[in-house]
Structures are given as structure tokens and as C-alpha cells.
Amino acid sequence: MPRSTPLPPAGRRAWLVCLGCALALFTVMGLGVNAFAVYQPNLLELEGFTNAQGSWITTVRSLFGMLSMATADALCRRYGLRRVIAAGLGCFVLSYALFGAAHSFSSYCAAAVFSGLAYGYGGMVPLTLVIARWFQDRRGFALGLMAAGTGISTILSPPLLTRAIQGAGLRFAFWAEGGIGLVLTLLAVLLIRDQPADVGLSPYTAGGPRQEVPVPERERPAALPPVIWWAAVAAAFFTGGPCGPGFSHLTVLYTAEGYDSGTVALMLSYFGIILMASKVLFGVLSDRLGSRAANYCAFGVGMLGMGLCCLSCVHSVPLAVIALTCTALGMPLSSVSLSVWAGDLSSGQNYDRLVKWLSTSYMLGALVTGPVPGILADRFGSYIPAYALFLLCLLCSMVLIQGVYLKLGVGKRPGRSPKNTSL
């Protein structure tokens, strides 16, 4: 049989797919999760919810986000990545339509169900698989660039949503966000394709001679030993609290300590700028220095940020800005790092499976700790104890995942190979 003509490598088209993934993640994570932090104080004030009820709304979202992540890979295999992502984005639009119509705690929880489904079906699990199929080279950078879209929402959303809530009301803000989500959904679905072969291309490769490639110190095992597997999954679990409710409660942490709501909104926008840069930076560090060094950097600044959040009672805006800077620099642990960990520890179908389990475990951590900040605030009159707990969680996660890296001998600085090795 004659050999088939090789497909041309994806160039600009791969980056357009990356843009589509960024728009999808901007919608379900940026608007659906990050920007929701702006609503938290208003739900307590305007709807009269308790701190615990405010936390339970995000906990319901985390529960259904976890359940949808656990089934996302199976649905992707059956229906295709693009269809599942489109369904997830549709759930986002529906959730904000329901948020705008909600009049009670139970109706807010019902809307949060669809927000959680959006996070699972339109979020990191299917989007990471899209990037893995489209990018053979510069995958860490592409993942970071995709995840950076969530930071843009954290830059723009707080002042705009605060002004919308104060000027037109809470319901208008929800419905306006749902309308924006509908437009972004259409754009994302237009750009994303399951794999390069669908448009007559092969995965993206960097130009020039392929002499410098990542050389693993040891061959990645076909299947991880159970102890190593569960250690990695547990590491993802412990990042759920700091990067989930730890982020979503930043606004109430500082407003409860007496900071002006307008100042907090501006600080959250600044947080978004750093968040956007941090995810690209983590991807670049992983590609150039190795993911083991990138992990240490992210965990180090993340723990420093959580520690400084515990000093919010000092009521110093410069100190709060430093705390948010460090916290944002550690936030890639919630997204990019999970995909990088999966790539370092597995390959092929095992990669898809590990992406699912790491993401699901992360959401389980966010679910379990979701009501904790509100419960502790009702008990002690402050959100500071929750951030001390989140600092401990990050320490546990770092010990576990870096222990896995050391045990397997992976994640070191990429070296040179004299041979043209393909992935």
C-alpha cells in the first residue's frame, strides 16, 4: 500500500484553538468561579444569607463540578471534546439565567448546580485534552496561555460587577454576565476542534531542527504504582481548599476586616493581572527549568500569600497587595500544574485518566473545604483561621507531589538529546 502523505503541522491554527480554549476557560472558570467572589459579600448583605449559607452556594457548585469532572472523559470519548465543551458552556449560560431569577437560598443552590456542571464539562479536563492533541511542542506554554484567560476576568469583572450591582441591582449583574457568556460560548465553539486531523493538520511542533527536547531521567511507567498514584491524587486534593474557597473568600476576608468594598474590588482586579501572568509563567518555567522547580516556586509563593492573608487584621493596604500578589502567583496549582503533573507522570490513555483524577480530586478538596471558611467565621468572627488552614494544606500538597517527583526521578530541567526523539 502506498504511504499516505504526512499532514502539514498546525501553525497558526493551533494557537487559534488555544484561544478558543482560553475563551471557554475564561467563561466557566473566570466568570463562573473567579468573578463569583464579587457576589459573595452582596449575597450576605442584600439577600441576608449567613456566612455559612454563602459558603454552601459555592460548595454546591464544587460538588457538581467534581461529579461532572469524574464523567467528562467518558463523555468526551463518546461524543467528542467539542460537543462536551459546548454543553458545558451552555450550562454556564443557564446557571446565570437562574441566578438572576433566584429569590431564595435553595434557588441559588439550584443555579450553582449548573455552574458546577459548566466547570466540569467546559473546563480544564476537556480543554487540557484538546491542548494535548493539538500541541506536541510548547505544551506547557499553551496550557499556561489558555489558563491565563481566567485572570482577565479577575481584572475586568470586580469593578464592572460592583458598579453594575450598585447601579442596577444584583439580578441585572447576573443576567448581563450570562449574556456575555452566551457570546463567548459561540466564539469558543467556532474556534475549537477535537484534533488537528479534523482540519487536515498534524499537531503543532516548534520550528527549526528538533535537537533540544525534554529527556526524562527515567521512562514514564505505563501505570503508576498505587502508592504513587494516590500520593499525586492526594496532592491535588490538598490544593482544592487554598485555590478554591481560599480564592473565592478573599473579598469577604478583607471586607470583614474593615476594608472598603471599592478598595477590595480594585485589589481583586490587580489580583487578576498577576493571576494571568502567573499561569503563563508557570508553563514557561515548566518547559525551561522543569516542572519540579516550577512546583517549588508556585508552592513557595502560594504559602507565603496564605500566611500574609492571615495578617489581614493589620488593616494595611500595601500588606494586602503583597498578600494577593503572592497568592495569585501560587494559583497555577489549581489548573496548569495539574495538567503538567499528569504529563510528567503518565502518557497515552493513562494521561487522560490522570488528568481526570487530578482535576476531580482538586474539586473534591474544594468541595470538602467549601463551607469551612463560613463555618469558622461564624464561630470565631473572622475568616483568618480558614487561611491558616489553607497554608497547612499547601504544605501537605507540596510534600506529597515533590515526593512523587523525587521517587520517579521526573520533572528535572530539560536536557539535550543527540537523537530526534518524538513524543
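Keep in mind the model is a prediction, meaning the values are calculated, not measured.

A word on the overall build of the protein chain. If you tally the helices and strands in the protein chain, you get 18 helices and zero strands. For 423 residues, the compact-globule estimate of 2.2 N^0.38 gives 22 Å, and the C-alpha radius of gyration of the protein chain, at 21 Å, lies within 12% of that figure. Reported as C-alpha extents along the three principal axes, the dimensions of the protein chain are approximately 70 × 40 × 35 Å. Counting every position in the protein chain, which comprises 423 residues, the buried fraction comes to 57%. Sequence-distant contacts, at least 24 apart, represent 86% of the contacts inside the protein chain between residues at least 6 apart. Just so you have it, the protein chain exposes about 17100 Å², and 66% of that area is on carbon and sulfur atoms. In the protein chain, 28 side chains carry a positive charge and 16 a negative one; their mean positions are 10 Å apart.

With that settled, consider the packing of helix α1 (residues 12–34) against helix α6 (residues 124–134). Here α1 crosses α6 at 170°, and the two axes come no closer than 10 Å. Judged by the angle between their axes, α1 and α6 are roughly antiparallel. Across the interface between the two elements, Arg13, Ala14, Val17, Cys18, Cys21, Ala24, Leu25 and Met29 of α1 pack against Met124, Leu127, Val130, Ile131 and Trp134 of α6. A per-class count over the contact of α1 with α6 returns twelve nonpolar, no polar and one charged.

Let us look at the packing of aromatic side chains. All told, the structure shown has 22 aromatic pairs when counted by the stated rule. Ring centres 5.6 Å apart and planes at 85° place the aromatic pair Phe49 and Tyr108 in the edge-to-face group. On the criterion of sequence distance, the pair formed by Phe49 in the loop between α2 (39–46) and α3 (51–79) and Tyr108 in helix α5 (residues 105–121) is long-range, its members being 59 residues apart. Residue Phe49 is classed as buried on the basis of its relative accessible area of 11%. Residue placement shows Arg138 over the ring face of Phe141; its charged tip is 4.7 Å from the ring centre.

For helix α13 (residues 291–309), built from 19 residues, the straight-helix expectation of 27 Å at 1.5 Å per residue is met to within 8% by its first-to-last C-alpha distance of 27 Å. Taken together, the buried positions of α13 are Ser291, Arg292, Ala294, Asn295, Ala298, Phe299, Gly302, Met303, Gly305, Met306, Leu308 and Cys309. On the buried face of α13, the contacting elements are α9 (226–243), α11 (250–256), α12 (261–289), α14 (317–329), α15 (336–345) and α18 (384–408).

A few words on the pattern of salt bridges. Taken as a whole, this structure holds three salt bridges when the rule is applied. Here Asp73 makes a salt bridge to Lys356, at a shortest N to O gap of 3.8 Å. Linking Asp73 in helix α3 with Lys356 in helix α16 (residues 348–369), this pair joins segments that are 283 residues apart in sequence. By the burial criterion, Asp73 is buried, and Lys356 matches it. Between Arg133 and Asp352 there is a salt bridge, and its shortest N-O distance comes to 3.2 Å. Here Arg133, found in helix α6, pairs with Asp352, found in helix α16; they are 219 residues apart in sequence, far enough to count as distant. Salt bridges linked by common partners bring Asp73, Arg77 and Lys356 together as one network.

The next subject is the environment of Arg133. Given the relative accessible area of 30%, Arg133 is considered partly exposed. Taking the C-alpha atoms as reference points, Arg133 and Gly90, 43 residues apart in sequence, are found 24 Å from one another. Discounting chain neighbours no more than four positions away, the residues touching Arg133 are Leu81, Asp194, Gln195, Pro196, Pro203 and Asp352. Within polar-contact distance, the side chain of Arg133 engages the backbone oxygen of Leu129 at 3.1 Å.

Time to look at the packing of α1 against helix α7 (residues 139–168). For the pair α1 and α7, interaxial distance at closest approach is 7 Å and the crossing angle is 40°. The angle between α1 and α7 falls in the class oblique. The handedness of the crossing between α1 and α7 comes out as right-handed. Here Trp15, Cys18, Cys21, Ala22, Leu25, Phe26, Met29, Gly30, Leu31 and Asn34 of α1 come into contact with α7, specifically with Phe141, Ala142, Leu145, Met146, Ala147, Gly149, Thr150, Ile152, Ser153, Thr154 and Ser157. Here the contact of α1 with α7 is composed, by residue class, of 14 nonpolar, seven polar and no charged.

The rules behind these values
- Sequence order as written defines the numbering, with residues in each chain counted from 1.
- Reporting of local features is limited, given that this is a predicted model, to residues whose pLDDT is at least 70; pairs of side-chain atoms are given and counted only at 80 or more, and all residues count toward the totals for whole chains, interfaces and linings.
- Only hydrogens and water are removed before side-chain values are computed, so all heavy atoms of the structure are retained for them.
- Note on conventions: DSSP H or I runs of at least 4 residues are helices, E runs of at least 2 residues are strands, and numbering of each starts at the N terminus.
- Here the radius of gyration uses the C-alpha set of atoms, whereas the globule reference equals 2.2 Å times the residue count to the power 0.38.
- The cut-offs for exposure are 20% and 50% of the maximum accessible area for each residue type, with area from a 1.4 Å probe on protein chains only; residues under the lower value are buried, those over the upper are exposed, and the others partly exposed.
- Contact criterion: two residues are considered in contact whenever any of their non-hydrogen atoms come within 4.5 Å of each other.
- Note on areas: Shrake-Rupley with a 1.4 Å probe; residue coverage comes only from the protein chains shown.
- Only four residue types enter the charge count, namely Lys and Arg as positive and Asp and Glu as negative; His and the chain termini do not.
- To locate a charge, the coordinates of NZ of Lys, CZ of Arg, CG of Asp or CD of Glu are taken.
- Interaxial angle, 0 to 180 degrees, is taken between N-to-C directions of lines fitted to C-alpha atoms, where a helix line uses only the stretch in contact.
- Under this scheme an angle from 65 to 115 degrees is roughly perpendicular, one under 35 degrees roughly parallel, and one over 145 degrees roughly antiparallel; angles in between are oblique.
- In the scheme used here, Gly and all other residues not listed as nonpolar or charged are polar, with Ala, Val, Leu, Ile, Met, Phe, Trp, Tyr, Cys and Pro taken as nonpolar and Asp, Glu, Lys and Arg as charged.
- Paired rings are identified among Phe, Tyr and Trp, the last through its six-membered ring, by centres lying within 6.5 Å, and are further divided according to the angle between planes into stacked (under 30 degrees), edge-to-face (over 60) and tilted (the rest).
- Only when the NZ of Lys or the CZ of Arg is both within 6 Å of the ring centre and within 35 degrees of the ring normal is a charge said to sit over the ring.
- By definition here, a helix of n residues has an expected span of 1.5 Å times n minus one.
- Throughout this description, the term salt bridge denotes a Lys or Arg side-chain nitrogen within 4 Å of a carboxyl oxygen of Asp or Glu.
- Two N or O atoms count as a polar contact when they lie within 3.5 Å, although within protein this holds only if one can serve as hydrogen donor and the other as acceptor, and sequence-adjacent residues are included solely when both atoms are side-chain atoms.
- The hand of a helix crossing depends on one turn: near helix anticlockwise from the far one by less than a right angle means left-handed, and clockwise means right-handed.

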